[in-house]
Structure formats: C-alpha cells, structure tokens
Amino acid sequence: MKDKMPEIKTCVSVQHDDFDAATEIAKLRECDSRAGAVAVFIGTVREMNESENESALVQTMALEHYPGMTEKALAKIVTDAAQRFDILGVTVIHRVGELKPLDQIVLVAVKSAHRGDAFDACRFIMDYLKTQAPFWKKETTETGARWVDARESDDEAAARWQLQRNS
C-alpha cells in the first residue's frame, strides 16, 4: 500500500442520463501533463443474458440504487484505488433507470503516469463496483422479469485484489 495518497482529480456520478465517453475522457485528461496513460472500461447492456437455468433475450434492464449510499460507496472504492495505485485521476459514471440492450451502463476511466497503474486501478474499481456498490438489476425478457443475482465470478475477481498489493 502506498504511504501517501496524492491529490487526484475525481468525478463520481450516478445518473439517469447517458454519457459521452469521449467528452468524459477529455475532461479527465485536461490540464495534466503528468499523465501518460488513460485506461477506460465501458459496460453496456447485453442482449442475451445467460443464467444458470436459462438463456433469454433481454428487452430492458432496470437499475436501482440507494441514493447517497451508492455515491459514498463509489467514492470509497475510488479512494481505495488511489491508496493502492499511483493514479492521477478517476471518473466513474454509473447509470440507473430503465436501459435497453447496447445502452451504456457504466464508465470507469483512470489516468496515471504509467499504463500499469491505470489498467490495474481501472480493473480494481470495476471489480469492487460490481461487488460493493449498492445497485440492483432487474431484467425483463420475453419470459418475464427477474432480479439479477450476483455472480460468483464477480466475487472471485474482487477477492484477488486482497492478495495483490502494489509496492
């Protein structure tokens, strides 16, 4: 773990409106010549979601959250990433409300002096966002509506960070 956390530029938002990834990345990059890397993850609604028991075409996905608590959880995840990795800025935007296949759900963008920290921090934030942020997903398919359960693979992805420490 890093001894001292530098001042980093952060933007955390939970919103109904779509986002323009290029605009958000440009805002993250502006006025900081120390940054040599920006890593970006954009999550989208899949048309086909396969659960243990069935495969179904997704018509809509409704994302719900607990206002206030969700933003605090996201801010904590970003702070944890800044303590682990040498990063200079982070943007996290997560949408809520009703979305359709191909709609953007989440943007995680991280800038750093070097690509390794940018990649690692981006993955860390996304892995913890999937397991620690209070969001609930309900999919509507041709067979009806169902709440989406947490995936074991998401827990496994987050657990690997407990063993890895950035020197």
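This structure is a prediction, so every number in the text was calculated from the model and none was measured.

J.: Lay out the pattern of salt bridges with the relevant residues and their values.
T.: This structure, assessed with the given rule, holds 7 salt bridges. Between Asp-32 and Lys-111 there is a salt bridge, with its nearest N and O atoms 3.4 Å apart. Remark: Lys-111 occurs in strand S7 (residues 104-112) and Asp-32 occurs in the loop between helix H1 (21-29) and strand S2 (37-44); sequence separation between them is 79 residues. With its nearest N and O atoms 3.1 Å apart, the salt bridge here joins Arg-146 to Glu-139. Each member of the salt-bridge network shares a partner with another, and the members are Asp-32, Arg-34 and Lys-111.

J.: Requested: an account of the confidence of the model for the protein chain, with residues and values cited.
T.: For the protein chain, the mean per-residue pLDDT works out to 88, and 89% of the residues sit at or above 70. Ranking the helices and strands of the protein chain by mean pLDDT puts S7 first, with 98, and strand S3 (residues 48-50) last, with 69.

J.: Go over the sheet that holds strand S5 (residues 89-95) with me, naming the residues and quoting the values.
T.: Taken together, the 4 strands give an open sheet; going across it, the order is S1-S5-S7-S2, and neighbouring strands pair in mixed fashion. Two strands close off the open sheet at either side, each with one partner strand: strand S1 (9-15) and S2. In this sheet, adjacent strand axes meet at a mean angle of 5 degrees when their direction is disregarded. H1 contacts S1, S2, S5 and S7 of the sheet and is inclined by roughly 25 degrees relative to S7. Seen against the sheet, helix H3 (residues 115-132) touches S2, S5 and S7 and runs at an angle of roughly 145 degrees to S7.

J.: Mind laying out a nonpolar patch on the surface, listing which residues take part and the relevant values?
T.: Judged by side-chain polarity, Tyr-66, Met-69, Trp-136 and Trp-147 come together as a nonpolar surface patch covering roughly 470 Å² of accessible area. Positionally, Met-69 belongs in helix H2 (residues 69-84). On the basis of relative accessibility, which here comes to 44%, the residue Met-69 falls in the partly exposed class.

J.: Mind laying out the environment of Leu-102, listing which residues take part and the relevant values?
T.: Structurally, Leu-102 can be placed in the loop between strand S6 (97-99) and S7. Apart from the residues lying within four places of it in its own chain, the contact partners of Leu-102 are Thr-44 and Val-45.

J.: Account for H1, with residues named and values stated.
T.: Where H1 is concerned, the buried positions are Ala-21, Glu-24 and Leu-28. The arc that holds the buried residues of H1, viewed along the axis, is 65 degrees, so those residues lie on one side. What points out from H1, more than 90 degrees from its buried face, is the exposed set Ala-22 and Arg-29. Its buried side turned inward, H1 meets S1, S2, S5 and S7. Residue Asp-20 occupies the N-cap position of H1, its side-chain oxygen lying 3.0 Å from the main-chain nitrogen of Ala-22. Positive backbone phi, at 60 degrees, marks Cys-31, one or two positions downstream of H1.

J.: Give me the lowdown on the nonpolar core, citing residues and values where you can.
T.: If you look at the biggest cluster of nonpolar residues, it comprises 35 residues, and the most contacted ones within it are Ile-87, Val-90, Val-92, Val-108, Val-110 and Ile-125. Of all the secondary-structure elements, those providing two or more residues to this core are S2, strand S4 (55-65), H2, S5, S7, H3 and helix H4 (152-163). Of all the elements, H3 adds the most residues to this core, at 8 residues. Here Val-92 is in contact with Cys-11, Val-12, Ser-13, Leu-74, Val-78, Leu-107, Val-108, Ile-125 and Leu-129, once residues within four sequence places are set aside.

J.: Quick one: what's the story with the packing of aromatic side chains, residue by residue and with numbers?
T.: In this structure the tally under the stated criterion is 4 aromatic pairs. On the numbers, 5.8 Å between centres and 90 degrees between planes, the contact of Phe-85 with Trp-161 is edge-to-face. Of the two residues, Phe-85 sits in the loop between H2 and S5 while Trp-161 sits in helix H4, which places them 76 residues apart along the sequence. In this structure, Phe-85 and Trp-161 share a single accessibility class: buried. These aromatic residues form a ring-pair network of at least three members: Phe-85, Phe-124, Tyr-128 and Trp-161.

So, how was this worked out
- Residues numbered from 1 in each chain as written.
- Predicted model: local features only at pLDDT ≥ 70, side-chain atom pairs only at ≥ 80, totals over all residues.
- Heavy atoms only, no water.
- Salt bridge = Lys/Arg side-chain N within 4 Å of Asp/Glu carboxyl O.
- Helix = DSSP H or I, 4+ residues; strand = E, 2+ residues; numbered from the N terminus.
- pLDDT = per-residue confidence, 0-100.
- Pairing = 2+ DSSP bridges.
- Axes fitted to C-alpha atoms, helices over the stretch in contact; angles between N-to-C directions.
- Contact = heavy atoms within 4.5 Å.
- Patch = residues over 30% accessible without salt bridge, like charges linked within 9 Å, V, L, I, M, F, W, Y side chains within 5 Å.
- Areas by Shrake-Rupley, 256 points an atom, 1.4 Å probe, with all protein chains shown as cover.
- Buried < 20%, exposed > 50% of the residue type's maximum accessible area, 1.4 Å probe, protein only.
- Arc of directions from axis to C-beta.
- Polar contact = N/O pair within 3.5 Å; in protein donor to acceptor, adjacent residues only side chain to side chain.
- Core = buried A, V, L, I, M, F, W, Y, C linked by side-chain atoms within 4.5 Å.
- Phe/Tyr/Trp six-rings, centres within 6.5 Å; stacked < 30°, edge-to-face > 60°.

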